[in-house]
Structures are given as C-alpha cells and as structure tokens.
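As a plain string of letters, each chain reads:
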Amino acid sequence: GDSVTQTEGQVTVSESKSLIINCTYSATSIAYPNLFWYVRYPGEGLQLLLKVITAGQKGSSRGFEATYNKETTSFHLQKASVQESDSAVYYCALSAGGNYKPTFGKGTSLVVHP
Amino acid sequence: AQTIHQWPVAEIKAVGSPLSLGCTIKGKSSPNLYWYWQATGGTLQQLFYSITVGQVESVVQLNLSASRPKDDQFILSTEKLLLSHSGFYLCAWSLGWEYAEQFFGPGTRLTVL
C-alpha cells in the first residue's frame, strides 16, 4: 500500500532560522500521487497548508514551500525564516485521487523558540 | 460563513458499549463529508467519505459504520466499542470536487476503557 514517512517527533528551531521537514513517500496505487502538507496550530483544527498535484511543481503558502520530486519521491517542507507563530504539528500526505483515501505521515511537531 | 461542529467534544466509554459521534456543517449545501481517526501516536486515517445524502464509502475497516441522514449531518457509530477505537476523531467537509480544500472540525477525543 501507499505510505508516507516524515521527520519524526519534534523539531526545535530558533526564530529566524531556516527549516526543513523531510517527507518521502511510496505510492503503489498510482504512479504520480497528489501531495499535501497539512498543519494543526495549537488550539485550532487541522487545515491544508499547501498541495501539489503535478510532479515537478512547487507549492507555497505562508512562506512555506514544497517541491514535488518524483525522482527522489520526496516532498520536503521548507521555510527560509521561521517565526514563533509557525509552531504547530505538520502532516505530509498523499492521495491517488484528491480528497479520497489519503495516506498521512505521523506528523512532525515544530517548536520555534524566540 | 461555513461552520463545522462535532459532538461530543470528548467521551469516555466502556468496552462493548455503543458509540455515536456526530458532525454538522452549516452554511454549505451538498458538501462532501469525511471521517478521520488518529490513534495516539499513530497516523491520521480517513475512515469514510460521503458525496451525497444516504451514500457513504468505507475506506478503512475498523468495525465502525457511518451514515449521512441529512445533507449537513454525518454520523459515526458502532454497537460495540473496542479498546482499539480509542483516539481522536475528525470530521471534515469540502466542496464537491476531488481537489477542493478540506475543512476540518475540532475533533472528538474518545477514550475506551
């Protein structure tokens, strides 16, 4: 089946430093799955951060970027300069068909220190 | 504005007892609806989705069932809870095309003892 592996546990970064949360995937149901990053801020519901449905393309939102790399089957989340307000749990996900039957990673908790 | 409401906020139930979790979406007609579940320390899994009233597709078999009795309501239930049902249940909605953004509810924390 499909699977998503992302940086496990907690990542701690100082404010204004760069960030990368790794995400690699394995898709058996489809050659080029749709890829997503979701985020859950403290006290809020899960929400979509960005998505890319075409291999080779880059998605961006709120200063975060992720590039769909089909050669390395990766979709790493990056930000050049994090802020304390970016502290949240981030989930990488894939699907063969948009919102249907997605596969999620276990989530990465980002803590940004001032 | 659209709102999504889940009930209850939290529940503590005994093994073997029945369960009913609810989700209501206001301000949007004919949404697609979804149930998700996350065990403590586990991954988020989509359990069911529904694109119209009365029709529900099962994604993961967990001895749970779902129903959509009204356009704006999605119910998750079981007659007999298992310990493995413990976790966090999320309801979500989206517009009726497959790449529409999903909007998630606040969730229900279920503890089965």
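Preceding this paragraph is the structure being described.
This is a predicted model, so every value here is computed, not measured.

Q: Mind showing me how you'd approach the interface of chain A and chain B here?
A: Many descriptions give the size of an interface as the accessible area lost when the pieces come together. The partner chain B presents 23 residues to the 18 residues of chain A that form the contact. With both sides pooled, the region where chain A packs onto chain B buries about 1,800 Å², and carbon together with sulfur makes up 56% of that total. Of all residues in chain A, Asn99(A), Tyr100(A) and Phe104(A) give up the largest surface area on contact with chain B, accounting jointly for 34% of the area buried on that side. Put simply, chain A and chain B have zero salt bridges between them. For the interface between chain A and chain B, the tally reads eight residue pairs in polar contact (both at pLDDT 80 or more). Those elements that provide at least two residues to the side of chain A that touches chain B are strand E5 (34-40) and strand E6 (46-52) of chain A.

Q: Is there a simple way to explain the side chain of Gln6(A) in this structure?
A: Residues and elements named next belong to chain A. Relative to the assigned elements, Gln 6 resides in strand E1 (residues 3-6). Only 2.8 Å separates the side chain of Gln 6 from the backbone oxygen of Tyr 90, close enough to count as a polar contact. Those residues in contact with Gln 6 that sit more than four places away from it in its chain are Ile 21, Asn 22, Cys 23, Trp 37, Tyr 90, Tyr 91, Cys 92, Gly 105, Lys 106, Gly 107 and Thr 108.

Q: Where do I start with the nonpolar core in this structure?
A: The nonpolar side chains of a soluble globular protein tend to be buried with one another. Grouped together as the largest cluster of nonpolar side chains are 26 residues, with contacts concentrated most on Leu19(A), Trp37(A), Leu49(A), Leu50(A), Phe75(A), Leu77(A) and Tyr90(A). Among the secondary structure elements, those contributing two or more residues to this core are strand E2 (10-14), strand E3 (19-21), strand E4 (23-26), E5, E6, strand E8 (64-67), strand E10 (88-95) and strand E12 (108-113) of chain A. Sequence-distant contacts of Phe75(A), defined by excluding residues within four places in its chain, comprise Cys23(A), Leu35(A), Phe36(A), Trp37(A), Leu50(A), Val52(A), Ala66(A), Thr67(A), Tyr68(A) and Cys92(A). In this structure, Cys23(B), Leu47(B), Phe74(B) and Trp93(B) belong to the second largest nonpolar core, which totals 20 residues.

Q: How do you make sense of the sheet that holds E3(A) when you look at a structure like this?
A: Whether parallel or antiparallel, the strands of a sheet pair through hydrogen bonds between backbone atoms. Residue and element names in this part refer to chain A. Taken in spatial order, the four strands make up an open sheet running E3-E9-E8-E7, and their pairing is antiparallel. The two strands at the open ends of the sheet, each matched to only one other strand, are E3 and strand E7 (58-61). Recorded for the sheet is a direction-independent mean angle of 20° between the axes of neighbouring strands. In the sheet, E7 pairs with E8 via four bridges, with the strands oriented antiparallel. The residue of E8 that forms the bridge with Ser 60 is Glu 65.

Q: Whenever I open this one, the packing of aromatic side chains confuses me. Can you help?
A: In this description, a pair of aromatic rings is defined by centroid distance and the angle of the planes. In the structure shown here, the tally under the stated rule is 12 aromatic pairs over all chains. Ring geometry for Trp37(B) versus Tyr89(B): centroids 6.5 Å apart, planes at 40°, classification tilted. Separated by 52 residues along the polypeptide, Trp37(B) in strand E4 (residues 32-38) and Tyr89(B) in strand E9 (residues 87-94) bring together distant segments of the chain. In this structure Trp37(B) comes out as buried when scored by relative accessible area, which is 8%. Residue classification places Tyr89(B) among the buried residues on the basis of a relative accessible area of 0%. Plain terms: the ring middles of Trp93(B) and Phe103(B) are 4.9 Å apart, the flat faces sit at 25° to each other, and that makes the pair stacked. Of the two residues, Trp93(B) sits in strand E9 while Phe103(B) sits in strand E10 (residues 103-104), which places them 10 residues apart along the sequence. Taking the relative accessible area as the measure of exposure, Phe103(B) reaches 37% and is therefore partly exposed. Taken together, the aromatic side chains of Phe36(A), Tyr38(A), Phe104(A), Tyr36(B) and Phe104(B) make up a single cluster linked through ring pairs.

Conventions used here
Every residue gets a number counted from 1 within its own chain, in the order that chain's sequence is written. Key to labels: chains lettered from A, ligands numbered from 1, both in the order written. Thresholds applied to this predicted model are a pLDDT of at least 70 for local features of residues and 80 or more for the giving and counting of side-chain atom pairs; totals over whole chains, interfaces and linings are not thresholded and use all residues. Hydrogens and water are ignored here; the side-chain numbers use all heavy atoms of the structure. Contacts are assigned to residue pairs that have any heavy atoms within 4.5 Å of one another. The term buried area means the drop in 1.4 Å probe accessible area that two parts suffer when joined, counted for both and summed. For salt bridges, the criterion is a side-chain nitrogen of Lys or Arg within 4 Å of an Asp or Glu carboxyl oxygen. Identification of polar contacts relies on pairs of N or O atoms within 3.5 Å, with a donor-acceptor requirement for protein atoms, meaning one able to donate a hydrogen and the other able to accept it, and with residues adjacent in sequence counted only if both atoms are side-chain atoms. Each helix corresponds to a stretch of at least 4 residues labelled H or I by DSSP, and each strand to a stretch of at least 2 residues labelled E; elements are numbered beginning at the N terminus. To form a nonpolar core, buried Ala, Val, Leu, Ile, Met, Phe, Trp, Tyr and Cys residues must be joined to one another through side-chain atoms within 4.5 Å. Accessibility here uses a 1.4 Å probe with only protein chains present; expressed as a share of the type maximum, an area under 20% marks a residue as buried, one over 50% as exposed, and anything in between as partly exposed. The pairing criterion for strands is at least two bridges between them, as found by DSSP. To obtain each axis, a line is fitted to C-alpha atoms, and for helices this fit is confined to the stretch in contact; angles are then taken between N-to-C directions over 0 to 180 degrees. Note on aromatic pairs: the rings of Phe, Tyr and Trp (six-membered ring only in Trp) are paired at centre separations within 6.5 Å, and the planes decide the class, stacked below 30 degrees, edge-to-face beyond 60, tilted for the rest.

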